[in-house]
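# Coordinates in review
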Amino acid sequence: MNPALVVVVMFLAVVVLFILRTPVAFTLGAVGILSLLMINGPRFLMLLPPSILENMSSIILLAIPLFIFIGCMLEKSGIADEIFEMIYKWLGPIPGGLAIGTVFICVIFAAMVGVVGAATVTMGLIALPAMLKRGYKTTLAIGCISGGGALGFLIPPSVTMIVYASLSNLSIGKMFLAGVLPGFMLAGLFMGYILIRSLINPSLAPPVPKEERATWAEKFLCIKNLAMPFVLIFSIMGTIFSGMATPTEAAAVGAFVSILIVVARVRSVKGVAKIISTAAEKTAYLTSMVLWIIIGCLAFSAVVNTLGLPSLLNDFIESLGINRWVVLIAMQLSFFFLGMVMDDLPIIMITVPIYVPLISLLGFDPLWFGILFIVNMQMAYLTPPFGFVLFYMRGVVPANISMGQIYKSVWPFIGLQFLCLLLIMLFPEIVLWLPSIVGM
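Here is what the cut-offs are and how they apply
Residues numbered from 1 in each chain as written. Predicted model: local features only at pLDDT ≥ 70, side-chain atom pairs only at ≥ 80, totals over all residues. Heavy atoms only, no water. Phe/Tyr/Trp six-rings, centres within 6.5 Å; stacked < 30°, edge-to-face > 60°. Helix = DSSP H or I, 4+ residues; strand = E, 2+ residues; numbered from the N terminus. Buried < 20%, exposed > 50% of the residue type's maximum accessible area, 1.4 Å probe, protein only. Lys NZ or Arg CZ within 6 Å of the ring centre and 35° of its normal. Salt bridge = Lys/Arg side-chain N within 4 Å of Asp/Glu carboxyl O. Patch = residues over 30% accessible without salt bridge, like charges linked within 9 Å, V, L, I, M, F, W, Y side chains within 5 Å. Areas by Shrake-Rupley, 256 points an atom, 1.4 Å probe, with all protein chains shown as cover. pLDDT = per-residue confidence, 0-100. Axes fitted to C-alpha atoms, helices over the stretch in contact; angles between N-to-C directions. Parallel < 35°, antiparallel > 145°, perpendicular 65-115°, else oblique. Left-handed = near helix turned anticlockwise from the far one by under 90°. Contact = heavy atoms within 4.5 Å.

## Topic: the packing of aromatic side chains
- Enumeration according to the criterion identifies 14 aromatic pairs in this entry.
- When the centroid spacing of 4.7 Å and the interplanar angle of 80 degrees are considered together, the rings of F153 and Y381 count as edge-to-face. On the criterion of sequence distance, the pair formed by F153 in the loop between helix 8 (138–149) and helix 9 (159–168) and Y381 in helix 18 (residues 366–382) is long-range, its members being 228 residues apart. When sorted by exposure, F153 lands in the same class as Y381, which is buried.
- Grouping aromatic residues by their ring pairs yields a cluster made of Y164, F335, Y355, F369 and F373.
- When the ring centre of W90 is taken as reference, the NZ or CZ atom of K219 above it lies at 5.7 Å.
- Across from the ring centre of F364, 4.3 Å away, lies the NZ or CZ of R324, which sits over that ring.

This is the structure we're talking about:
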């Protein structure tokens with residue numbers, strides 16, 4: 001059977017099942033298993049369960065529920081309120097200061113929990129009303145929260161990075177290190193854009209009135225609000241980068257520290273128990289969803305490996321004489337268009353089995369390509385019509401703000417994400433320098 005024809009039929013089947021609202025895990029699993037039956041017959045299916053069991057038993061995947069649990073715990077901890085209070089006092093007098101501070105808080109949240117939804121929803125509830133009350137333009141206020149929330153993809157520890165690294169056989173530690181400089185660079189681009197626009201037109205994001213500004217004593221006193229977040233960040237990232245713990249072990253340490261933070265803040269046995277119970281239930285639900293999608297991907301990947309599709313594509317590209325950079329750019333475009341209609345996990349499952357081996361055959365660095373992929377997933381979460389951050393924002397904005405306004409707000413930040421992607425493509429050292437220095 002022609003491998004190209006099999007792959008085309010598989011992708012068409014996936015698209016049809018997605019349109020019919022079939023769950024992602026069942027879509028990928030059903031298409032993969034039926035394709036294996038057609039290609040190799042029922043005997044080949046006997047090889048699939050051991051492969052799935054081996055991959056699902058990986059200690060790497062244990063980090064996923066732990067990081068999700070940390071995010072669920074911190075949603076109820078009230079840490080974001082205290083950090084925003086500090087930002088309000090320090091940056092409020094600057095045009096665009098609250099929006100810049102919101103991006104800064106999103107960076108802190110990304111470094112604590114590794115998931116996008118936590119920062120987006122939390123800041124939508126806390127920062128958005130404060131900015132709108134003080135005359136911030138609606139699109140700028142929503143845009144800074146949406147763009148900042150998406151930083152959870154790129155700034156470690158990122159759950160998406162863990163899934164990607166586990167499926168592409170990359171070191172999670174190196175993946176985390178590779179995302180540090182691009183993540184801070186993109187956050188800097190967001191802040192710089194907000195500051196420049198606000199200085200040019202202060203009416204877009206007016207400073208806090210003089211009568212509401214804090215004294216220097218109040219400013220220095222509220223710095224203590226950063227103590228707990230930095231303890232949590234160090235317990236995770238500090239132990240990884242120092243070599244004291246693996247990412248999975250560091251996630252366990254972070255989960256324990258998040259419990260201590262909730263205990264210190266709630267100070268009620270019943271309240272703590274309720275938060276832990278709610279967080280555990282939500283963690284179980286989200287983790288089950290992620291792991292079922294991975295199982296479906298493994299069945300889908302088995303077909304790609306059986307067909308030897310990456311090698312076939314490489315031979316085809318060489319026969320046509322296409323430049324490898326053209327192929328790379330075509331991959332980036334495919335990520336962008338898939339991101340307009342799909343979540344990040346299905347895109348990982350569909351593209352990783354084909355793209356990652358092909359990237360190696362073309363002579364590109366797989367770690368560098370992994371960060372390009374992550375930046376694309378950030379863009380996917382902001383890109384209309386189905387960017388998940390847009391739906392998060394729809395759930396927290398006032399009723400008088402339309403979906404059209406939310407769509408309009410994100411385009412400048414998508415443009416900055418594209419600029420970040422371009423800089424990483426032109427200067428791979430942005431990604432590769434830190435992993436080479438630390439040598440993990």
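## A closer look at the pattern of salt bridges
- One pass over the structure, following the stated rule, counts three salt bridges.
- Note that R265 and E82 form a salt bridge whose closest N and O atoms lie 2.9 Å from each other. A residue pair is termed long-range when its members are at least 10 positions apart, and R265 in helix 13 (residues 247–266) and E82 in helix 5 (residues 79–91) qualify at 183 residues.
- Given a relative accessible area of 27%, R265 falls into the partly exposed group.
- The class for E82 is partly exposed, based on a relative accessible area of 25%.
- E85 is the salt-bridge partner of K89, the closest N and O atoms lying 3.1 Å from each other. Of the two residues, K89 and E85 both sit in helix 5, four residues apart, roughly one turn of that helix.
- For K89, a relative accessible area of 18% gives the class buried.

## Regarding a nonpolar patch on the surface
- A grouping of F418, L419, L422, L426 and F427 is seen on the molecular surface, where their side chains present a nonpolar patch of about 470 Å² in accessible area.
- Structurally, L419 is set in helix 20 (residues 403–426).
- Of the residues examined, L419 reaches a relative accessible area of 33% and is grouped as partly exposed.

## Notes on the confidence of the model for the protein
- Taken as a whole, the protein shows an average pLDDT of 84; of its residues, 94% reach a score of 70 or greater.
- Within the protein, helix 15 (residues 309–320) has the poorest average pLDDT of any element, 68, and helix 10 (residues 172–200) the best, 94.

## Examining the packing of helix 17 (residues 344–362) against helix 18
- Interhelical geometry of helix 17 versus helix 18 gives an angle of 155 degrees and a closest axis separation of 11 Å. For the element pair helix 17 / helix 18, the angle class is roughly antiparallel. Crossing of helix 17 against helix 18: the hand is right-handed. On helix 18, the residues that touch D344, I347, I348, T351, Y355, I359 and S360 of helix 17 are P366, F369, F373, M377 and Y381.

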